Every structure is written in structure tokens, then in C-alpha cells.
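# Report on the structure
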Amino acid sequence: MEFKEKLISSHLAFEEDFNLNDSVHQVRAAALKVFEEKGFPSKKEEAWKYTSLDALLQKDYALYPRSENSIHVNDVKKYFLYDTDTYKVIFIDGVYSPFLSNTTHDGLDVCLMSAALSKPKYKELINTYFNKIAPEDDSLTALNTSYAKEGAYIYIPKSVVAEKPIEIIHFSSGNENALWLQPRNLIVVDQNAHVQIIERHQSLKEHPVVTNCVTEIYVHQDAFLDYYKLQNDLLSASLIDNTYIVQEQKSHASVHTFSLGGKLTRNNLRFFHKGEHILSTLKGVTILHEKQHVDHTTLVHHAQPNCESHQDYKGIFSERSEGVFNGQILVDKIAQKTNAFQQNNNILLDDKATVNTKPQLEIFADDVKCSHGCTIGQLDEEALFYLRSRGIPKKEAKALMTYAFANNVLESVQLPSLKKRINGQIAKKLGVNLGFEL
Amino acid sequence: MAYTEEELKKELETKEYEYGFYTDIESDTFPSGLNKDVVRSISKKKNEPEWMTEWRLKAFETWSAMKEPDWANVQYVKPDLQAISYYSAPKSKPKYDSLDQVDPELLKTFKKLGISIDEQKKLSGVAVDIVMDSVSVATTFKDTLAKKGIIFCSISEAIKEHPELVKKYMGSVVPPSDNYYAGLNSAVFTDGSFCYIPKGVRCPMELSTYFRINQAGTGQFERTLVIADKNSYVSYLEGCTAPSRDENQLHAAVVELIALDDAEIKYSTVQNWFPGDKEGKGGVFNFVTKRGICHDRSKISWTQVETGSAVTWKYPSCILKGDHSVGEFYSIAVTNNYQQADTGTKMIHLGQNTKSTIISKGISAGKSQNSYRGLVQVGSRAKNARNFSQCDSLLMGNDCGAHTFPYIEAKNNSAQIEHEATTSKIGEDQIFYCNQRGIDTEKAIALIVNGFSKEVLNKLPMEFAVEAQKLLEISLEGSVG
């Protein structure tokens, strides 16, 4: 594969910026070896059975942007959740944009991965946390690790509540023909701390861009993490998102993924439990059209007793879109009293739309409550008729029902303005204006 | 009801085994190993026509290029296929001289199942005088079928007598290139059954390999072909509840069902091969390919009770090719000690208005692993396809595992697919309730397990259902401590 060769040979140039004896750099070198050996995943691998990267890999992507790109704030303002009231870590074509960002070191760290990786004062933290949970044998994660340089670094110290949500936004300016981005984020939520994070990838012009993103998150004892992934990119952009979360006892972590756009999106979301009484929530709404493809691959590894996990993914697919759900619950032998729940509901609106779903349970403990449910179907004709008989036009009735279908997931969104925004986007996606706030 | 389950049970317990066995006495055994010459010799030995030999050789070539798959959730030492002898005549000398030499454990099981002395002897390999009236029973049996025009014979006989049917259908559902073990089977199969139900005929009795007249016992590489012509019906039973001790470690059977327009095939299996001892040593590897094809308005129903074998790897499937066709799969898989089972089904919806139902119950105890692996696929032209799947697992003890791997692929927007799975253990309160009413724990568990599997047991033909119920109890014996 040509692009693979390019990635491997370009690594030499990438290395020039670093001290080769540095421990972080040794991690990079080891990861490159893994990628060199494994290459890009093919459809023959079970985990990639329904998602093919072949079409994406045909292009020759630039690995570094040619020049610094600046964007005017007014062009991108609409992508921000709030104008001022959030911490922001913003990147343009993979390069940090100090002008658009709003970082802090006051009480909590919201800053850059590049700083964390190079400055001595972060050395200990990086040694403890960097690349510790990302699986070593995953080729795309290894590829990201080998090029790990920039991204968001967030540290919430003990008992600190981040009073503002944090937005991580990656823009691609479209000044390159084709761009391959590899951001690397590290988030540590220390004991009893509390944080809300919104992550987004957005291209500003129709041009091929592929983002292979890795995020490692540590949620310590009694901590609380609320993470939102907003995927509403242009049809030329693809995203491979790998998020790995470790939870310690009595912590809560929830991840909401809203996949409304993009050409090909693959979400690898994995939870590892390291203590008891943990609650994990994974929810997602996927609304696709044209030839979009979204793949949700989740894993919740219950390794300790008395933990709970909830998964709820809803998908609505029209035109020629393809949805994949590959959820896995793994319950170890010692993880008694586990309560794991997994649900995946899909609606197919058009003839050519496809859903492939594979909800898996692997259970080695006997005193557990594990269940999964999965459906593929259509909107209920009778309910539709009921609404129409009350004077609601067909299109609006359909939209209402679709909205109701997705509402389970939206209900648990904790940020009101985010909820409003997503509601608006869903309404837009369904092509209706209901004249009232959904 | 005049005839209760209790009475039937009694009858089964007291009834003598009517049908006897046929023992073929021949002395030669092929040297172990597999190559083209061996395939040719098997074919020659069976006096097969040229086209069959060719078919086998082609299958052998296809198989040679294949690799043994390892995606299933089972672990075992791969059998050395070169160390097996591919043709051996049945032993003419009995293993034991009297029942006293047989493993008492085995005898105890026989007794519980209500198997007659003669049958016990046969099953455990003791010298036996064949029950004499079997000849007359066999004849009446054959007469009834012949009158209806039903062909029921061994596959070797069918190859000679009905080449047009065999040629047309063999390999049409499970081609030799399908998978590794199907390929191997196609090249070297020596035994099996063939059944053809003519147009518009309803087979008056349950056909069973157990009762088949000519060839006794199950071969290592069995090949079954059942063809139900237009508007016909057949219920076919395979296997038997009695534990069979078989020397062959590897069993790779192929079963093909063809249901032509408006036909219905009901295929029930009870499998109780030697699962290995308590430490998991020995035991049969059961790698079976079973698949049926449904034409317009036809129906195929698979029912299976799997309690034996050290490693089970099988997925009875339905290809719903015809419009309005129906596929059903009911399964109970029980694993105990070190048994491993990776079983499930595939429902391939191709025609319009097709329906499928999957009910799978997995019970794991001891140190066993039990997996359900299923595929529901709806093609882009399969309008109004409907599927309902339910997979429940029951765990007993904390050394066992239950796994569910459902694959659901829908390419049509009119498809309605539901899948649900649960995993749980037997509630302590349930057992307590039974104890309180004077039912001991072991019996209570049997009761609860029976209730858990009722949905599937109900689908079995009557005479099988009672035995299967008892079998479940026995399989789980001692699993609670």
C-alpha cells in the first residue's frame, strides 16, 4: 500500500524535531513498528468486517500542512457552542490556534499535548498516563501514537469542578488538496473532580480529509466525566475516532456520540473498569443520508464486581447510507453483580439503506444481569396515521416520530444549549420546521 | 387427554428396542492418511459410478486449498487429519463380552434414560443377539413408505439407484467449497441417509436415522440429503438420546435439506456424543454443516438438543430463497464440565415476505463455554422480511461462560428484525421456593431448566421430547454444589 509506505518513510522527517532518546519518543518508535507490521486494517479482520478503509486510502494525503493557516473568528463562530463561556482548545489543520483558543492553567490545566509531551514539569504525568490504555496491537491507534505530537491535554485536579465546559475543535481549512490528521488527546480527571467536554471535527471546505484521532481518558475515584462527540462534518471528511476510557471506583463516565455528518466515521469506544461501583453510559444518535457510513464499535470491559453499564444507540438511515453497530460487553469471572445493558434500535427509511449490527455478550460470571436488544424496522404506520388524523402533515408527523425515537438519548444530555443545538440539527436533517422547540 | 405424558414415559421405559441393528462384517481397513488415491479407493469400495468419484476428487482438490478455520469461540487441539483412517469396516468383534465389563457410570445413565438391556448392550459395544422381530418390523416400515413412493435409504444406495436426484441436489445447498469440514466431508463421506418425499405426499411417520434399516450407527463423515418435493411434508429425526461412545474423535457431517414449493421439512436432532470425562479428556469433536433451502411458500424447521460432544461447532441454517418461505430454529445447548459449544443459525432472507424465528437456549455449567453465534441477513430484494430472535443463557456456577455473537445485516427498509438476549442464573429464591415445597435442590434445578427450555422442547416430536427432558436432567447432574 503506497500510503502506508509514505507514512513510514515520513516518520524520519517527523523524528527530526525530537530527542530520539526521550522515553516518549521510544513509545512512538515502538508504535511505528506495530503499524509497519500490521498495516491498515482490512475487511478480513472481524472488527472491520463491515467498514472498509480501502476507498479512503486511494488518495495521497499530506501529512503536514504547508503553511500556518489562520481563519477569521467570524467564519467559525457558528461552530462554537458558546462564544465566550467555555474553555476552548482549537486546532487548524492540526496546528494549535492561539488566537481562537481560550486555554487555562488556573486551577486546572486545559492546554496542549505538545507542551505536555515536551515540558519537564509534565514529565511524570506523561510517564503515568501517556499511551497506557491504548491497545498496543491496534494498528490505527499505533499509527496515531507514532505521530503523537499535538492535541488537547486536560488535567482536572482533585475535587475541582470545571465551572465551564471545555470545547476541543479541530478545523481543517481546505488549503491542502487532501489532508491526514492525527490529533492525540489526553484527559485526566482526578479524584472527585468534575468535567464536561465537547469534541468536534469540522472541515471548512469540501476537500478530502481523514482524521485518525486517539483520546485517552482517565477517570479517577468518585470523578465525573461527561463527554460529547459532535460529528456533523462535510461529506468529504472522514473520521476514525479511538477513545479509551479507564474508570476507577465509584466514578461516572458518559459518552454521547451524535453522528450526523461526514463521509465515513468509525467510532472505537472502549471502557475499562478498574474499581467497583462504576457507572458507564454510552449513548449515540446516528442520522445519515446519501452515501454516508457510520460505524460504532464499542467495548465495555467489566473487570470488577458491582458495576453498571448502559448502552443505547439509535440509528436512522435514509438513501444509500450504511450504519454499523458492533457492541461488545465483556464480563470477567470476578465481575459478579454486574448490570450491563445494551440496546441498538434502527430505522431504515429507504430501500438502499443498510444496517449491520452485531451486539455481543461475553460473560464469564454467573451472578449478573446482562441483556441486549436490537431491532431494525420502520416507523409505526398506525402511529403515523394517528398523527395525520389529527391534522399533522405526513412529513412533520414522520419527523415528530423520528425525534421521539431519538429522544431517549437526547434526554440525558446535560448541557441545555448543546441539547438545543442538536435538536436544531436533527430538525434540519429531517427537513422540517415544527414551529416549536423540540 | 387420554394419553398423558406420564404414560408415554412409562411406555418408553418399558418398551423393548424394536428395530435391531445391521452389522456389516468385513475385515479391511484403509491405512491412515488422506490423498487422492484414498478418495478414489473409498469411491471404488462403495461401487460408485464415475461421476461420483469425479465429484469427490474435485471436492478433495477444493479442500486441499482450504485452511482450517479458527474464528469460533472454542479451543481444542486440531485433529490430525492424516492420522485418521478414512475407511474402516465396522468391528466384527465386540469390545466386551458382557455388560459387567462396561463402565458402571454409563450403565447408570442408560437406566435413567429407560433404555432396554439389549439396546444398552449394543450401545456400549457388548456382543448382542440381534432382536429377531426386527426383520418383520423393518419390512412393514419399508412397505408403508414404498406405497407412498417415499425413498428412504442410505446415501450410497441412492447414488446407485437414484443418480438423477443425487446429481441434481447433492452439493447444491452445501457446496464442497463451503467450508473446510464440508469440503473434507464431500471428499471422503462413506455413510449417510437419503430421503425423497414425492409431490403432495405427507410422510406418515417420523423418519429417523436411528430406525434406518440398512446401515447401523453414525459414520464419522455422514452425509444426509433430504428432498421434499412440491407440497409434501416430512419430519426427520436424527441422533439419539442415549450416550454413544464412539471411537471416532472427529465428526464432520453435512446435512442438506431441499424444500421445494409448498413443502415442509421438520428436522430434529438430539445429540449426546461422548463429551469427555470430568477433566475434559477425550470427547468427540462435532463439526457439522447443516443447511436447508426453502422455495416458494415452503418451510424448514430445525430443532436441536445438544448435550454431548467435547467441542460442538454447528449452525443449522435456512436459505429463504422462495417468496413467503419460513425458516425456524429452536435450540437447546447444554454444556457441562469442560464442554465447549459454538452453535447458532443463519437465516438468509432472499425472497419476499419471508419469515424466520430463532429461539436459542444455552445452559452452561461446570467449566464449560457456551456460545450462540447467529446471522440474520436480509437481502436488498427481500421485501417485508420478518425475523424474531431470542437467545437466553443460563449460567450455573462461576467457572462457566455464556457468549452471544449475533450478526444482523439488513439491506431492505421494509425488514423488521428483532433480537433480544438475556443472561442470568437460577435465582436463589426460585430454588428456595421449591425446597420449601419438598423438592430437593437437584430436582428443583431440573424443574427450572425444563421450564427454561420448554419453548424448544415443545417443538420436538413427542417421543423425543420426553427423552430429551430426561437427558437435560442427566447432563446437568452434579453441576450444582
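Residues numbered from 1 in each chain as written. Chains lettered and ligands numbered in written order. Predicted model: local features only at pLDDT ≥ 70, side-chain atom pairs only at ≥ 80, totals over all residues.

## Points about the interface of chain B and chain A
Our working definition: Note on contacts: residues are paired as contacts if their backbone-placed C-beta atoms lie within 7 Å. Helical segments are the DSSP runs of H or I of at least four residues, strand segments are the runs of E of at least two, and each set is numbered from the N terminus. Each residue gets one of three labels, nonpolar for Ala, Val, Leu, Ile, Met, Phe, Trp, Tyr, Cys and Pro, charged for Asp, Glu, Lys and Arg, and polar for the others, Gly among them. Here the rule is simple: two strands pair whenever DSSP picks up at least two bridges between them.
Counting residues at the interface gives 29 residues for chain B and 31 residues for chain A. Those elements that place two or more of their residues in the side of chain B that touches chain A are β19 (401–410) and β20 (416–425) of chain B. Along the lines of polarity and charge, the residues of the side of chain B that touches chain A split into 11 nonpolar, 13 polar and 5 charged. When strand β21 (residues 369–377) of chain A meets β20(B), the two strands line up antiparallel, connected through 7 bridges. Looking at β20(B), one finds that A:Ile376 is bridged to B:Ile417.

## Details of helix α9 (residues 180–188) of chain B
Convention followed: Counting other C-beta atoms within 10 Å of its own, a residue is labelled buried from 20 upward, exposed at 12 or fewer, and partly exposed in the gap between, with every C-beta atom placed from the backbone.
Counted residue by residue, α9(B) has 8 buried out of 9 residues, so it is predominantly covered. What α9(B) keeps buried is the set B:Tyr181, B:Ala182, B:Gly183, B:Leu184, B:Asn185, B:Ser186, B:Ala187 and B:Val188.

## Considerations on unusual backbone geometry
Residues and elements named next belong to chain A. The backbone phi angle of glutamate 290 is positive, close to 45 degrees, even though this residue is not glycine. Looking at where glutamate 290 falls in the secondary structure, it is placed in the loop between β14 (279–288) and β15 (293–302). If you check the backbone angles, asparagine 306 has positive phi at about 60 degrees while not being a glycine. Tracing the backbone shows asparagine 306 in the loop between β15 and β16 (308–317). A count of 17 C-beta atoms within 10 Å places asparagine 306 in the partly exposed class.

## Comments concerning the packing of helix α7 (residues 381–389) of chain A against helix α8 (residues 394–410) of chain A
All names here are of chain A. Using the following cut-off: Think of each axis as a best-fit line through the C-alpha atoms, taken over the contacting stretch in the case of a helix, with angles from 0 to 180 degrees between the N-to-C directions. If an angle is under 35 degrees, it is roughly parallel; if it is over 145, roughly antiparallel; if it lies from 65 to 115, roughly perpendicular; otherwise it is oblique. The hand of a helix crossing depends on one turn: near helix anticlockwise from the far one by less than a right angle means left-handed, and clockwise means right-handed.
The contact between α7 and α8 brings their axes to 9 Å, and the two run at 130 degrees. Considering the angle they form, α7 stands oblique to α8. Remark: the crossing between α7 and α8 carries right-handed chirality. For the pair formed by α7 and α8, the contact residues are Ala383, Leu384, Leu387 and Arg388 on the first element and Lys394, Ala397, Lys398, Leu400 and Met401 on the second. Here the residues of the contact of α7 with α8 sort into 6 nonpolar, no polar and 3 charged.

## Quick look at helix α2 (residues 36–45) of chain B
All names here are of chain B. Which entries qualify depends on this criterion: To be clear, the arc concerns the directions from the helix axis to the C-beta atoms.
Every buried residue of α2 is listed here: Val39, Ile42 and Ser43. For α2, the arc enclosing every buried residue in end-on projection is 95 degrees, short of the 170-degree limit, so these residues lie on one face. Relative to its buried face, α2 has exposed residues pointing more than 90 degrees away, namely Asp37 and Lys44. Looking at the buried residues of α2, the elements they touch are α3 (50–64) and α9. Downstream of α2 by one or two residues, asparagine 47 has phi in the positive range, about 55 degrees.

## Some thoughts on the domain arrangement of chain A
Residues and elements named next belong to chain A. Put simply, the rule reads: The split of the chain into domains comes from an automatic or database domain assignment.
Taken domain by domain, chain A comprises domain 1 (2–275) and domain 2 (380–438). On a C-alpha basis, the centres of domain 1 and domain 2 stand 32 Å from each other. Opposite the 11 residues of domain 1 that make contact, domain 2 presents 10 residues. Of all elements in the fold, only β8 (194–203), β10 (224–231) and β12 (252–259) reach the threshold of two or more residues within the side of domain 1 that touches domain 2. Looking at the side of domain 1 that touches domain 2, its residues break down into 7 nonpolar, 3 polar and 1 charged.

## Topic: the environment of B:Tyr372
Residues and elements named next belong to chain B. Relative to the assigned elements, tyrosine 372 resides in strand β17 (residues 369–378). Classification of tyrosine 372 as buried rests on a count of 28 C-beta atoms within 10 Å. Residues tyrosine 372 and leucine 350, spaced 22 residues apart in sequence, show a C-alpha to C-alpha distance of 23 Å. When sequence neighbours within four positions are dropped, the list of residues in contact with tyrosine 372 reads Thr343, Gly344, Ser360, Gly362, Cys391, Thr404 and Phe405.

## Considerations on the nonpolar core
Definition in use: Note on terminology: a nonpolar core is a set of buried residues of type Ala, Val, Leu, Ile, Met, Phe, Trp, Tyr or Cys, with members joined through C-beta atoms within 7 Å.
Among the nonpolar cores identified, the biggest contains 221 residues, and A:Val189, A:Val331, B:Cys195, B:Ala228 and B:Ile265 are the most heavily contacted of them. A domain split of this core shows at least three residues from each of domain 1 (2–275) and domain 2 (380–438) of chain A.

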